[in-house]
Amino acid sequence: MLVFMMPLYPRETLKAIELARNTGMKIALVADAGFTDHEGISDYLLTPRVDSRLVFDSHAAASALVSVLLDSMCTNMNGAAQKRLDAIDRSSKRRKVFAN
């Protein structure tokens, strides 16, 4: 499971991690560089570089990392990702999930 924990995160995040771990999932945690106490929480810790000149630097860095991770994951799925995304799009249109 890929988890994002920014400096202020809800308690439910830890509960979701615990539930995922109980089902046998490995946990990859994306957190701000100041978060070092991941032992027992995650199997992998990804800390994007932060530029303190930005007001929301930790969130901006995590967003960039997410884009790279998702692109890499989808690229390695050999076309299956696009098929899944198309199926989700058709499903959401059929169920009128979005306003437009």
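Our subject is the structure listed above.
The following refers to the structure shown. (Residues numbered from 1 in each chain as written. Predicted model: local features only at pLDDT ≥ 70, side-chain atom pairs only at ≥ 80, totals over all residues. Heavy atoms only, no water.)

Quick look at the overall build of the chain now. The secondary structure content of the chain amounts to three helices and three strands. Reading the helices (α) and strands (β) of the chain from amino to carboxyl end gives β-α-β-β-α-α. Buried positions account for 24% of the 100 residues belonging to the chain. In the chain, the share of contacts with a sequence separation of at least 24, taken over all contacts with a separation of at least 6, comes to 37%. (Helix = DSSP H or I, 4+ residues; strand = E, 2+ residues; numbered from the N terminus. Buried < 20%, exposed > 50% of the residue type's maximum accessible area, 1.4 Å probe, protein only. Contact = heavy atoms within 4.5 Å.)

Our next topic: helix 3 (residues 80–94). Since the α-helix packs 3.6 residues into each turn, any two residues three or four apart lie on the same face. Look at helix 3: 21 Å from first C-alpha to last across 15 residues, which is about the 21 Å you get at 1.5 Å a residue. Residues of helix 3 that are buried: Ala-81, Ser-91 and Ser-92. What you see down the axis of helix 3 is that its buried residues fit within an arc of 95 degrees, all on one side. Exposed positions of helix 3 whose direction lies more than 90 degrees from the buried face are Lys-83, Arg-90, Lys-93 and Arg-94. Lys-96 sits one or two positions beyond helix 3 and adopts a positive phi of about 55 degrees. (Expected span 1.5 Å × (residues − 1). Arc of directions from axis to C-beta.)

Taken as a whole and judged by the stated rule, the model has two salt bridges. With a shortest N-O distance of 3.4 Å, Arg-21 and Asp-43 are connected by a salt bridge. Of this pair, Arg-21 sits in helix 1 (residues 11–22) while Asp-43 sits in the loop between strand 2 (28–31) and strand 3 (44–46); the two residues are 22 residues apart in sequence, bridging distant segments of the chain. Classification of Arg-21 by relative accessible area gives partly exposed; the value is 30%. (Salt bridge = Lys/Arg side-chain N within 4 Å of Asp/Glu carboxyl O.)

Another aspect to go through is the sheet that holds strand 2. What links the strands of a sheet is backbone hydrogen bonding, and the strands pair in either a parallel or an antiparallel sense. If you walk across this open sheet you meet the three strands as 1-2-3, and the pairing is parallel. Only two strands of the sheet have a single partner each, and these edge strands are strand 1 (2–5) and strand 3. The sheet shows a mean angle of 25 degrees between the axes of neighbouring strands, direction not considered. Where strand 1 and strand 2 come together, four bridges link them in parallel fashion. Bridge pairing links Phe-4 to Val-30 in strand 2. (Pairing = 2+ DSSP bridges. Axes fitted to C-alpha atoms, helices over the stretch in contact; angles between N-to-C directions.)

Between its first and last C-alpha atoms helix 1 spans 17 Å; for twelve residues at 1.5 Å apiece the expected length is 16 Å, and the two agree. Those residues of helix 1 lying buried are Thr-13, Ile-17 and Ala-20. Relative to the axis of helix 1, the buried residues are bounded by an arc of 65 degrees and lie together on one face. Opposite the buried face of helix 1, by more than 90 degrees, sit the exposed residues Arg-11, Glu-12, Lys-15, Leu-19 and Asn-22. Looking at the buried side of helix 1, the elements it contacts are strand 1.

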